[in-house]
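Structure assessment
The primary structure of each chain is shown beneath.
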Amino acid sequence: PALWPLTLADLRSRIATLPVVTLGSPDDAMLATLTVKLFADRQLLVEAEAVEFLVARIDRSFAAVAAAVAALDHAALAQGRAVTVPLIRAVLPGLT
């Protein structure tokens, strides 16, 4: 906020008093929780082993998790299979 080009002095001083928080990259627990949630949103129950396998192999971002879940849901539906480690292995090369 300190770098924003604010022309009103009053607004600039009010913004300057606000606390600033920096968010780091999500950790494995956060990515795993998000992965489970996004699969659940699609009514897919995925084993913990598969979630751990996936989280260890994708980019550490919320966008990467969302893209992986969407691709895996599509592949599972197209192939009539559950989301498992073998399916993740097959789909992952296409995500990078």
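Residues numbered from 1 in each chain as written. Predicted model: local features only at pLDDT ≥ 70, side-chain atom pairs only at ≥ 80, totals over all residues. Heavy atoms only, no water.

**Observations regarding the nonpolar core**
Counting residues in each nonpolar core, the largest one holds 23 residues, and the members touching the most others are Phe39, Leu54, Val65, Leu72, Val83, Leu87 and Ile88. Top contributing element to this core by residue count: helix H4 (residues 62-79), with 6 residues. In this structure Leu54 touches Thr35, Phe39, Ala68, Leu72, Ile88 and Leu92, once residues within four positions along its chain are discounted. (Core = buried A, V, L, I, M, F, W, Y, C linked by side-chain atoms within 4.5 Å. Buried < 20%, exposed > 50% of the residue type's maximum accessible area, 1.4 Å probe, protein only. Helix = DSSP H or I, 4+ residues; strand = E, 2+ residues; numbered from the N terminus. Contact = heavy atoms within 4.5 Å.)

**Brief notes about H4**
Over its 18 residues, H4 runs 26 Å from end to end, which matches the ideal 26 Å to within 8%, given 1.5 Å per residue. Here H4 has its buried residues at Ala64, Val65, Ala68, Val69, Leu72, Asp73, Ala75 and Ala76. Where H4 is buried, its residues contact helix H2 (28-41), helix H3 (48-55) and helix H5 (85-91). Looking one or two residues past H4, Gly80 carries a phi angle of roughly 65 degrees, positive in sign. (Expected span 1.5 Å × (residues − 1).)

**Quick notes on the side chain of Asp73**
Within the element layout of this structure, Asp73 appears in helix H4. Overall, Asp73 belongs to the buried group, its relative accessible area being 17%. Setting aside residues no more than four positions away along its own chain, Asp73 makes contact with Arg42 and Leu44.

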